[in-house]
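Chain residues, written in single-letter form:
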Amino acid sequence: MSDANTANERRSNDGPADDREPLFPRLPRRDFVKAGMAAGAIGSLAGCTSVLDRGSDDDVNSSRGDVPPGEHDEYYAFLGGGHSGEVRVYGLPSMRQLMRIPVFGRESARGYGYDDETRTMLEEAGGYSWGDVHHPRLSQTDNDYDGRFAYVNDKANGRMARIDLTYFETDAIVDIPNTQGVHGACARLPDTDLVFGVGEFRVPMPNDGRDLDDPGSYTSVLTAIDPDSWDVAWQVLVDGNMDNGDGGKNGRWFFATGYNSEEAVSPSEMTGSDTDYLKAFDTLLIEDAVENGDYEEIGGVPVVDGRRDSPLNRGDEPIVHYVDVSKSPHGVSVTPDGKYAIASGKLDPTCSVVDIERLDEVDDPTEAIVGRPSVGNGPLHTAYDGRGHAYTTLFIDSQVVKWDIEAAVEAEEGSEDPVIEKIDVHYNPGHLIASESYTAEPQGDWLISLNKLSKDRFLPVGPMHPENDQLIYIGDDEEGMQLVKDTPAYAEPHDASIVKADKLDPAAVYDPADSDAEFVAAGEDDITREDGRVHVRMTSVRNEFGYPDVTVTEGDEVTFTVSNIEETSDMLHSLAIPEYDINIKMAPQETSEVTFTADRPGVYWMYCAYFCSALHLEMRARLLVEPSG
Ligand code: K7E
Ligand code: CUA
């Protein structure tokens, strides 16, 4: 087992000296040295780890977690792909990447953003070519995963997307008004009856050129989305910006951390104050306010005023409780029993344990903080094993710390006593996630530490390094945490959700009834022409398209509706028309559609890009575009 103190001592002197203002003025000398290091490390992401400082191999157990060839994993893990704009699906514990789900950017192998339906969806969601996916959360019923949907944020362009877990495809995106940058994503539980997007960047509202240089009047909002219609239900305007969020378990509370209570626009000013807010939203009272017309309609949605001086926050039933927590808190997560919301200090070595029931009882919301253990440097995110332990990433120390939640409530503020053990990770972890940690009953066996830097852990591949997702076994409290696997990852996983595989029921083939486009059955191929519009309805099957040639006239608007009439699973075809920048995919029983203007005369080979049989190369047809006039 790793010795926490040894690891701390070893790290205390290897950071760059920094003569800026101390970030943790309340700390004793030893922590103060690390605090100086923290400022440098947060600013430059450098110097907090060195190649020589790799942690003992005692904590490594690479024999666990083997999944032999041909056998299935016990869990799915859904990882946000960061600014690649996608979600990745891993199997756990193998850490094999099973699938990628494009969300905010086009992806040719899936035809995502190429066929009419997904191209229109991306256009209507603002037409941006990329997004920044941090937080994949899964739908729950009665505080347990129901296998229906995943929800993700777009930090870049202020959007939220829904992924249908029957088909593992993005099926809805909403471009949220009145906000720029939606960071935290999560839901109201137990039954996911609202999905939340947590606004980060503060901007003028409306952002139409007013108040450019008046940051004090910028605002940020919490957005609630209807999970079925995927429309915005309401927003709440708050003071300061927000960061991460998590829902309480009993259908009422929602929590969001925030840095920058200073409402500044430069990093040095944003970290001026010793505390920032954890905001506790009473969503039932907010719904009452919407019902009673206590809102202003801005950008087409009801916006409720939840700022500190709002009339709705006077009296003993405020809609938003502003809880003072340690400097610039980052992650917040609600414990599986729904008792506490735990916020991580980021620029402070403590986590704040908020007793949720006490929020109703105290005059000063800060009195609802019932524990503040000192867990290490740069605490970012916390996950749970269901046995009363919390696991927090320490970005600056490059460790995961395991600590006891009730012991932290018992202990004095700033005590290190609740800490049980620490394990070195490689390096600088952001999120971590334990199996089913976001439900009422975490499985308590596996944990992934999503490390931002891999440095020397893999073969060098040029200046851009992979990230490192490390699998850690947490199922044995006696033996302690054991590092099982390193997994290189393309930029850049943030958060993840891990769900038991048997809670999902993915489709093996499409149900034609789920598609907007009309299925073309065998023998139903046809071409209709009317006023410069050509509609080709055709089948695809090993090894041919419904028509070997399709002739149109230059300038025609052409629509291809193509059904894959295979009934065998895993037998995909595509229709690629390269010089018209088209590649649409058809999984078995799926129908895809693409519309384009045939504006260049000539012969264009259309081909199937999926290697579907020995005659796959022959699966092609000609598009003949006759010159007009
Ligand atoms: Cu910590 Cu966007 Cu959840 Cu990244 S956030 S790490
Ligand atoms: Cu169909 Cu290759």
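Quantities reported herein were computed from a predicted structural model and do not represent experimental measurements. (Residues numbered from 1 in each chain as written. Chains lettered and ligands numbered in written order. Predicted model: local features only at pLDDT ≥ 70, side-chain atom pairs only at ≥ 80, totals over all residues. Heavy atoms only, no water.)

Peer 1: Explanation requested: the overall build of the protein in the structure shown.
Peer 2: Along its length, the protein carries 6 helices and 40 strands. Here the C-alpha radius of gyration of the protein, 26 Å, is about what a compact globule of 629 residues would show, namely 25 Å. Relative to its 629 residues, the protein shows a buried fraction of 58%. The contacts in the protein between residues at least 6 apart in sequence include a share of 60% that link residues at least 24 apart. Across the protein, 51 positive and 120 negative side-chain charges occur, with their mean positions spaced 5 Å apart. (Helix = DSSP H or I, 4+ residues; strand = E, 2+ residues; numbered from the N terminus. Rg over C-alpha atoms; globule rule 2.2 N^0.38 Å. Buried < 20%, exposed > 50% of the residue type's maximum accessible area, 1.4 Å probe, protein only. Contact = heavy atoms within 4.5 Å. Lys, Arg positive; Asp, Glu negative; His and termini not counted. Charge placed at Lys NZ, Arg CZ, Asp CG, Glu CD.)

Peer 1: What exactly am I supposed to notice about the side chain of glutamate 107 here?
Peer 2: Here glutamate 107 shows up in the loop between strand E3 (96–102) and helix H3 (116–124). Buried and unpaired, glutamate 107 has arginine 100 as its nearest opposite-charge partner, separated by 4.4 Å. For glutamate 107, the side chain forms a polar contact with the main-chain nitrogen of arginine 110, separated by 3.1 Å. Setting aside chain neighbours within four positions, we find glutamate 107 in contact with Arg100, Pro102, Tyr112 and Tyr114. (Salt bridge = Lys/Arg side-chain N within 4 Å of Asp/Glu carboxyl O. Polar contact = N/O pair within 3.5 Å; in protein donor to acceptor, adjacent residues only side chain to side chain.)

Peer 1: Honestly, the sheet that holds strand E18 (residues 332–334) in this entry has me stumped. Any pointers?
Peer 2: In sheet architecture, strand pairing relies on hydrogen bonds along the backbone and comes in two forms, parallel and antiparallel. Read from one edge to the other, the open sheet built from 4 strands follows the order E18-E19-E20-E21, with strand pairing classed as antiparallel. The sheet terminates laterally at E18 and strand E21 (369–371), the two strands that pair on one side only. Ignoring which end each strand starts from, the neighbouring axes of this sheet average 30° apart. Summarising the sheet, E18 and strand E19 (residues 340–344) pair through 3 bridges and their orientation is antiparallel. By the bridge assignment for E19, valine 332 is matched with alanine 343. (Pairing = 2+ DSSP bridges. Axes fitted to C-alpha atoms, helices over the stretch in contact; angles between N-to-C directions.)

Peer 1: I would appreciate a short explanation of the nonpolar core in the present structure.
Peer 2: The tendency in soluble globular proteins is for nonpolar side chains to be buried as a group. If you look at the biggest cluster of nonpolar residues, it comprises 40 residues, and the most contacted ones within it are Phe78, Val87, Leu92, Val152, Ile163, Ile173 and Ile448. Here this core takes 5 residues from strand E1 (residues 75–80), the largest share from any one element. Counting 29 residues, the second largest nonpolar core, distinct from the first, contains Met538, Phe560, Tyr580 and Phe596. (Core = buried A, V, L, I, M, F, W, Y, C linked by side-chain atoms within 4.5 Å.)

Peer 1: Sorry if this is basic, but what is going on with the pattern of salt bridges here?
Peer 2: When charged atoms on two side chains of opposite charge get close, those side chains can pair. Scanning the entire structure with this criterion turns up 39 salt bridges. Residue lysine 500 is joined to glutamate 74 by a salt bridge in which the shortest nitrogen-to-oxygen separation is 2.9 Å. Within this pair, whereas lysine 500 is found in strand E30 (residues 496–500), its partner glutamate 74 is found in the loop between helix H2 (29–44) and E1, the two being separated by 426 residues in sequence. Of the charged contacts in the structure, one is a salt bridge between arginine 533 and glutamate 557, with a shortest N-O distance of 2.2 Å. With arginine 533 in strand E32 (residues 533–541) and glutamate 557 in strand E35 (residues 557–564), this pair connects stretches of sequence that are 24 residues apart.

Peer 1: What's the story with the pairing of strand E40 (residues 620–626) in this structure? I'm lost.
Peer 2: Note on strand geometry: in a regular strand, side chains alternate between the two faces of the sheet. Where strand E34 (residues 549–553) and E40 come together, 5 bridges link them in parallel fashion. Across the sheet, the residue bridging to threonine 553 is glutamate 626, located in E40.

Peer 1: When you look at the sheet that holds strand E22 (residues 379–384) in this model, what are you seeing that I'm missing?
Peer 2: As summarised here, the arrangement of the 4 strands in space is E22-E23-E24-E25, forming an open sheet in which the pairing is antiparallel. Either end of the sheet is taken by a strand with one partner, and the two such strands are E22 and strand E25 (419–424). Taken pair by pair, the neighbouring strands of this sheet meet at an average axis angle of 25°, ignoring direction.

Peer 1: Looking at this structure, I do not really get the environment of proline 68. What am I missing?
Peer 2: One can find proline 68 in the loop between H2 and E1. Judged by its relative accessible area of 39%, proline 68 is partly exposed. Placed 317 residues apart in sequence, proline 68 and aspartate 385 show a C-alpha to C-alpha distance of 26 Å.

Peer 1: Is there a simple way to think about helix H5 (residues 283–291) in this case?
Peer 2: Along an α-helix, residues three or four apart share an orientation, since each turn contains 3.6 residues. What H5 keeps buried is the set Thr283, Ile286, Ala289 and Val290. Around the axis of H5, the buried residues are gathered within 110° of arc, so they sit on the same side. Against the buried residues of H5 lie strand E8 (180–188), strand E9 (194–201), strand E11 (232–238), strand E13 (253–257), strand E14 (275–282) and strand E16 (301–305). Looking one or two residues past H5, glycine 293 carries a phi angle of roughly 75°, positive in sign. (Arc of directions from axis to C-beta.)

Peer 1: Whenever I open this one, the confidence of the model for the protein confuses me. Can you help?
Peer 2: Detailed reading of the predicted model is not advised wherever pLDDT is low. Per-residue confidence for the protein gives a mean pLDDT of 91; residues scoring 70 or more make up 91%. Per-residue pLDDT stays below 50 along residues 1–55; that stretch engages in 88 contacts with residues further than four places along the chain or on separate chains. (pLDDT = per-residue confidence, 0-100.)

Peer 1: Explain the state of the cysteines to me, please; I cannot follow it from the model alone.
Peer 2: By definition, a disulfide links the sulfur atoms of two cysteine residues through a covalent bond. The full count for this structure, using the stated rule, is 0 disulfides. Free cysteine: cysteine 351, not disulfide-bonded; nearest cysteine sulfur from cysteine 186 at 18 Å. (Disulfide = S-S within 2.5 Å.)

Peer 1: Help me out: how do you make sense of a negative patch on the surface in this one?
Peer 2: On the surface, Asp288, Glu291, Asp316, Glu317, Asp363, Asp364 and Glu367 cluster together into a negatively charged patch. In this fold, aspartate 288 is placed in helix H5. By relative accessible area, aspartate 288 is classed as partly exposed at 42%. (Patch = residues over 30% accessible without salt bridge, like charges linked within 9 Å, V, L, I, M, F, W, Y side chains within 5 Å. Areas by Shrake-Rupley, 256 points an atom, 1.4 Å probe, with all protein chains shown as cover.)

Peer 1: Quick question: what am I supposed to make of unusual backbone geometry here?
Peer 2: Keep in mind that most residues, glycine aside, have a negative phi and that most peptide bonds are trans. Across the junction of leucine 189 and proline 190, the peptide omega takes the value 20°, indicating a cis bond. Relative to the helices and strands, proline 190 resides in the loop between E8 and E9. Positive phi outside glycine occurs at asparagine 428, with the angle close to 50°. With respect to the helices, strands and loops of the structure, asparagine 428 is situated in the loop between E25 and strand E26 (429–434). You will see that aspartate 531, though not glycine, has its phi angle at about 45°, which is positive. Inspection of the secondary structure assignment puts aspartate 531 in the loop between strand E31 (526–530) and E32.

Peer 1: Is there a simple way to explain the side chain of aspartate 445 in this structure?
Peer 2: Assignment of secondary structure puts aspartate 445 in the loop between E26 and strand E27 (446–451). Buried within the structure, aspartate 445 lacks any salt-bridge partner; lysine 500 is the closest side chain of opposite charge, at an N-O distance of 5.9 Å. Reaching out from aspartate 445, the side chain makes a polar contact with the side chain of serine 435 at a distance of 2.5 Å. Ignoring anything within four residues of it in the chain, the contact list for aspartate 445 reads Tyr75, Ser435, Ile472, Tyr473, Ile474 and Gly475.

Peer 1: Help me out: how do you make sense of the packing of aromatic side chains in this one?
Peer 2: The geometry of two aromatic rings is summed up by the distance between their centres and the angle between their planes. In the structure shown here, the tally under the stated rule is 15 aromatic pairs. When the ring of tyrosine 277 is compared with that of tyrosine 322, the centres are 5.1 Å apart and the planes differ by 85°; the resulting orientation is edge-to-face. With tyrosine 277 in strand E14 and tyrosine 322 in strand E17 (residues 320–326), this pair connects stretches of sequence that are 45 residues apart. For tyrosine 322, a relative accessible area of 9% gives the class buried. Each member of the aromatic cluster is reached from another via a ring pair, and the members are Phe196, Trp234, Phe254 and Phe281. When the ring centre of tyrosine 259 is taken as origin, the NZ or CZ atom of lysine 346, which lies over that ring, is 4.6 Å away. (Phe/Tyr/Trp six-rings, centres within 6.5 Å; stacked < 30°, edge-to-face > 60°. Lys NZ or Arg CZ within 6 Å of the ring centre and 35° of its normal.)

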